[in-house]
Amino acid sequence: MTDRAHSVAAEPDLVIAPSLLAADFARLGDEANAVAAEADWLHVDVMDNHYVPNLTIGLPVVESLRKATPLPFDCHLMIEAPDRWAIGYAEAGAYNVTFHVETAADPIGLARDLRAAGTKAGLAIDRDTPVEPYLEILPHFDLLLIMTIKAGFGGQAFMPELLDKVRMARRHIRSGHLELRLEVDGGIDDQTIAAATDAGADTFVAGTAVYGAGDPAEAVRNLRRTALHALATNGHPLR
Ligand code: DX5
Ligand code: ZN
């Protein structure tokens, strides 16, 4: 039995967040709990068929799921008008609510409202959006999500060129002594997580690599081990 609480206490910097998007939607509670002993957060992809063509789950499912698993929810809203909908996810008990900068009318105001509602506030940057214009608003956020694919579907190939944005964000976070997590989402697996770690990510979403594996809990353990190995081998750009 792995004592994850112990290992997390010793290595507090990495978060592994399996994405339910790749799980069996008929068994969401069981799928969440299949990784509960190994994962740090559960990544919940909310898609509205407007900002992205795909349609996934919404607030009622998140509310029900909240009662079914102890894992903190990392809600990733790929929706239009997050200024209108995001607070509902905070009220439903999400640990973190991330919305896309491409969709928000007032990102700073929404981050303030999310924090006031008792959740962490995350800002997501999609594939075709540069990160530079948003570096100055990062102090209002607890998390920056850099997509390593185009948002909308699981199972896409990781795009290593998008790690330039991760490097730039990490440099800015370090030089400004900012306190926020730097998350990558899309195509993260045993082959790609080391490069993302080297670029400065500390929080990793993985859908297919976890729920497409025969043993999802083992897949989470392996991802963490690979990322920690990259840190130990190459040094952490964080420090
Ligand atoms: C896609 C979602 C991702 C997705 C990642 O837009 O934001 O969270 O679940 O899936 P994989 O890990 O399969 O690329
Ligand atoms: Zn996501």
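Here we summarise the structure given alongside this text. Source: prediction; values computed, not measured. (Residues numbered from 1 in each chain as written. Chains lettered and ligands numbered in written order. Predicted model: local features only at pLDDT ≥ 70, side-chain atom pairs only at ≥ 80, totals over all residues. Heavy atoms only, no water.)

### Some words on the site of ligand 1
- Every one of the 21 residues lining ligand 1 counts as a neighbour, but S19, G152, D185, G207 and T208 are closest to it.
- Contact between ligand 1 and G187: an oxygen atom at 2.8 Å from a main-chain N or O atom of the residue.
- Residue G207 places a main-chain N or O atom 2.8 Å away from an oxygen atom belonging to ligand 1.
- Alone, ligand 1 offers 380 Å² of accessible surface; in the complex the protein occludes 98% of this.
- For the shell around ligand 1, the element with the highest residue contribution is strand β2 (residues 42-47), accounting for 3 residues.
- For the shell around ligand 1, the residue count by class is 9 nonpolar, 10 polar and 2 charged. (Near = heavy atom within 4 Å. Polar contact = N/O pair within 3.5 Å; in protein donor to acceptor, adjacent residues only side chain to side chain. Areas by Shrake-Rupley, 256 points an atom, 1.4 Å probe, with all protein chains shown as cover. Helix = DSSP H or I, 4+ residues; strand = E, 2+ residues; numbered from the N terminus. Nonpolar A, V, L, I, M, F, W, Y, C, P; charged D, E, K, R; others polar.)

### Digging into the side chain of D40
- Relative to the assigned elements, D40 resides in the loop between α2 (28-33) and β2.
- Here R224 takes part through its side chain, which lies 3.1 Å from a polar atom of the side chain of D40.

### Concerning the pattern of salt bridges
- One pass over the structure, following the stated rule, counts 10 salt bridges.
- Between D126 and K150 there is a salt bridge; the shortest N-O distance is 3.5 Å. Of the two residues, D126 sits in the loop between β5 (120-125) and β6 (143-147) while K150 sits in the loop between β6 and α6 (163-175), which places them 24 residues apart along the sequence.
- Here D126 falls in the buried class, since its relative accessible area comes to 2%.
- Several salt bridges converge on common partners, so that one network encompasses D24, R27 and E31. (Salt bridge = Lys/Arg side-chain N within 4 Å of Asp/Glu carboxyl O. Buried < 20%, exposed > 50% of the residue type's maximum accessible area, 1.4 Å probe, protein only.)

### Regarding the pairing of strand β8 (residues 203-206)
- What you see with β8 is no split at all: T203 and V205 on one side and F204 and A206 on the other are buried throughout.
- By the bridge criterion, 4 bridges tie strand β1 (residues 15-18) to β8 in an arrangement that is parallel. When the sheet's bridge partners are listed, V15 is paired in β8 with T203.
- In the sheet, strand β7 (residues 181-185) pairs with β8 via 3 bridges, with the strands oriented parallel. Bridge pairing in β8 links E183 to T203.
- One crossover worth recording links β7 to the parallel β8 by way of helix α7 (residues 193-199), and it is right-handed. (Pairing = 2+ DSSP bridges. Right-handed = clockwise from strand over helix to strand, strands pointing away.)

Interpretation note: all reported values are geometric properties and have no functional meaning in isolation.
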